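Structural overview
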Amino acid sequence: MSSKTKAIGYILCSAFCFALMSTFVRLAGDLPSIQKSFFRNIVSVVFASILLFKDRSNLVFRAKDLPYLFMRAFFGTLGVLCNFYAVDHMVLSDANMLNKLSPFFAIFCSYFLLKEKIKPFQLFGIDVAFVGALLIIKPGFSLGDSMLPSLLGVLGGMSAGIAYTFVRALGQRGVKGPFIVFFFSVFSCVVVLPFILLDYHPMTGYQLGMLCLAGFAASGGQFAITAAYTHAPAREISIYDYSQILFSALFGFIFFHQVPDVWSVLGYVVICGISVVMFFYNNRHEQPASK
């Protein structure tokens with residue numbers, strides 16, 4: 001398979017895992033966002049450590065890669081914290097909408113950081129997918145108490161997009177995915193640990209189990225999305241990240257008995273349709289170039 005085909009498979013896998021993570025986080029009940037984010041990353045530390053121990057070649061990096069690793073970890077941590085805060089303090093559909101802004105920021109940040117050109121049709125495809133996302137989640141913004149969470153939600157989407165761009169840059173520089181995940185996860189845990197110690201909320205066994213499962217799912221999503229952005233540019237694969245909405249709708253029906261309305265179904269059709277069109281468009285334009 002080509003690198004782009006692998007990247008698409010990875011990003012679909014990450015979308016599935018992150019949708020599963022959100023389901024487990026919601027099932028964990030009423031706990032501080034920062035405490036949920038800690039468990040999200042501590043499991044990733046364990047998984048990444050095991051992979052690094054099994055294959056020491058994943059530890060190879062250069063001193064000049066450290067700024068990229070730090071920027072990836074910083075913006076990734078900021079994105080997780082802002083997104084969790086938005087989820088806990090505003091309408092869930094609004095928070096998910098703001099989080100889906102990350103592919104846009106990834107594409108534009110890739111243009112400036114990596115000098116990757118954006119084709120007009122690719123930009124059009126992402127815009128169509130954005131419209132499909134709007135049809136599904138139907139956000140209803142207000143200027144009241146949700147202003148701060150809304151702004152943090154936008155900041156979270158922007159931070160995630162920037163973080164994914166640095167993942168792509170690190171992949172081009174030869175830094176292995178497991179080490180990128182390990183560095184980010186350790187950085188995130190260290191940053192939030194003092195807040196956990198100062199304001200820890202006791203958990204039931206069920207809540208702990210749900211958060212551990214959320215951590216496992218997040219680990220799978222983190223490894224998959226890291227692999228995706230190291231195999232292909234954001235402009236070619238970010239559109240498939242919207243499949244997370246489809247997976248979330250499925251899990252919402254299974255676990256919370258949520259049935260999508262007509263507008264949501266229309267959004268599913270729009271997203272799946274433009275994803276297929278974009279896939280064949282990219283293949284058709286890349287085959288003459290490879291020849």
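Look up a bit, the structure's there.
Throughout what follows, the structure given in this document is the object of discussion.

Rules used in this analysis
Residues numbered from 1 in each chain as written. Predicted model: local features only at pLDDT ≥ 70, side-chain atom pairs only at ≥ 80, totals over all residues. Heavy atoms only, no water. Phe/Tyr/Trp six-rings, centres within 6.5 Å; stacked < 30°, edge-to-face > 60°. Helix = DSSP H or I, 4+ residues; strand = E, 2+ residues; numbered from the N terminus. Buried < 20%, exposed > 50% of the residue type's maximum accessible area, 1.4 Å probe, protein only. Lys NZ or Arg CZ within 6 Å of the ring centre and 35° of its normal. Expected span 1.5 Å × (residues − 1). Bend = angle between axes of the 7 residues up to and from the residue. Core = buried A, V, L, I, M, F, W, Y, C linked by side-chain atoms within 4.5 Å. Contact = heavy atoms within 4.5 Å. Salt bridge = Lys/Arg side-chain N within 4 Å of Asp/Glu carboxyl O. Patch = residues over 30% accessible without salt bridge, like charges linked within 9 Å, V, L, I, M, F, W, Y side chains within 5 Å. Areas by Shrake-Rupley, 256 points an atom, 1.4 Å probe, with all protein chains shown as cover. Axes fitted to C-alpha atoms, helices over the stretch in contact; angles between N-to-C directions. Left-handed = near helix turned anticlockwise from the far one by under 90°. Nonpolar A, V, L, I, M, F, W, Y, C, P; charged D, E, K, R; others polar.

**A word on the packing of aromatic side chains**
- This model, assessed by the stated rule, comprises 14 aromatic pairs.
- Here the aromatic rings of Phe16 and Phe251 are separated by 5.5 Å at their centres, their planes lie at 65°, and the arrangement is edge-to-face. You can see Phe16 sitting in helix α1 (residues 3-27) and its partner Phe251 sitting in helix α11 (residues 243-256), a full 235 residues away along the chain.
- Phe16 gets classed as partly exposed once you look at its relative accessible area, which sits at 36%.
- Geometrically, the ring pair formed by Phe179 and Phe183 is tilted, given 6.3 Å between the ring centres and 50° between the ring planes. In this pair, Phe179 and Phe183 are both assigned in helix α8 (residues 177-198), 4 residues apart and thus about one turn of the helix distant.
- By relative accessible area, which is 6% here, Phe179 ends up buried.
- Members of the aromatic cluster, joined through ring pairs, are Tyr68, Phe70, Phe74, Phe75, Phe166 and Phe187.
- Here the basic side chain of Arg72 rests over the ring of Phe184, its NZ or CZ set 4.2 Å away from the ring centre.

**A word on α8**
- Taking 1.5 Å of rise per residue, 22 residues should cover 32 Å, and α8 covers 33 Å from first to last C-alpha, within 8% of that figure.
- Residue Val192 marks the point of greatest curvature in α8, where the axis turns by about 40°; the proline Pro194 follows within four residues.
- For α8, every residue scored as buried is listed here: Pro178, Phe179, Ile180, Val181, Phe184, Ser185, Ser188, Cys189, Val192 and Ile196.

**Re the nonpolar core**
- Membership of the largest hydrophobic core comes to 56 residues, with the highest contact counts inside it found for Met21, Tyr229, Ile237 and Tyr242.
- Of all the elements, α1 adds the most residues to this core, at 9 residues.
- The contact partners of Tyr229, leaving out residues within four places of it in the chain, are Ile11, Tyr164, Val167, Arg168, Ala234, Ile237 and Ser238.
- One finds Phe75, Ile162, Ala163 and Phe166 within the second-largest nonpolar core, a separate group that totals 5 residues.

**A word on the pattern of salt bridges**
- Following the criterion strictly, the structure yields 1 salt bridge and no others.
- Across the pair Arg173 and Asp65 runs a salt bridge, and its minimum N-O distance is 2.8 Å. Residue Arg173 is found in the loop between α7 (147-172) and α8, and its partner Asp65 is found in the loop between α2 (33-54) and α3 (66-89); the two are separated by 108 residues along the sequence.
- Judged by relative accessible area, which is 1%, Asp65 ranks as buried.

**What to know about a nonpolar patch on the surface**
- On the surface, a cluster of nonpolar side chains totalling about 500 Å² of accessible area is made up of Leu250, Phe253, Ile254, Phe255 and Val259.
- Inspection of the secondary structure puts Phe253 in helix α11.

**Re α11**
- Compared with an ideal rise of 1.5 Å per residue, which puts 14 residues at 20 Å, α11 spans 19 Å between its outermost C-alpha atoms and is within 8% of the ideal.
- Residues of α11 that are buried include every one of Ser243, Gln244, Ile245, Ala249, Phe251 and Gly252, and no others.
- Within two residues after α11, His257 carries a phi angle of roughly 55°, on the positive side.

**A closer look at the packing of α1 against α11**
- In the contact formed by α1 and α11, the axes pass within 8 Å of each other and the chain directions differ by 35°. Regarding α1 and α11, the two cross each other, and that crossing is right-handed. When α1 is examined against α11, the residues Leu12, Ala15, Phe16, Phe18, Ala19, Leu20, Ser22, Thr23, Arg26 and Leu27 are found in contact with a partner set consisting of Ser243, Gln244, Phe247, Ser248, Phe251, Phe255 and Phe256.
- The residue inventory of the contact of α1 with α11, partitioned by class, reads 11 nonpolar, 5 polar and 1 charged.

**Details of the environment of Ser102**
- Turning to its location among the elements, Ser102 is positioned in helix α5 (residues 102-113).
- Judged by relative accessible area, Ser102 falls into the buried class, the value being 3%.
- C-alpha separation for the pair Ser102 and Met158, spaced 56 residues apart in sequence, amounts to 5.5 Å.
- Apart from the residues lying within four places of it in its own chain, the contact partners of Ser102 are Gly157, Ala160, Gly161, Tyr164 and Asp241.

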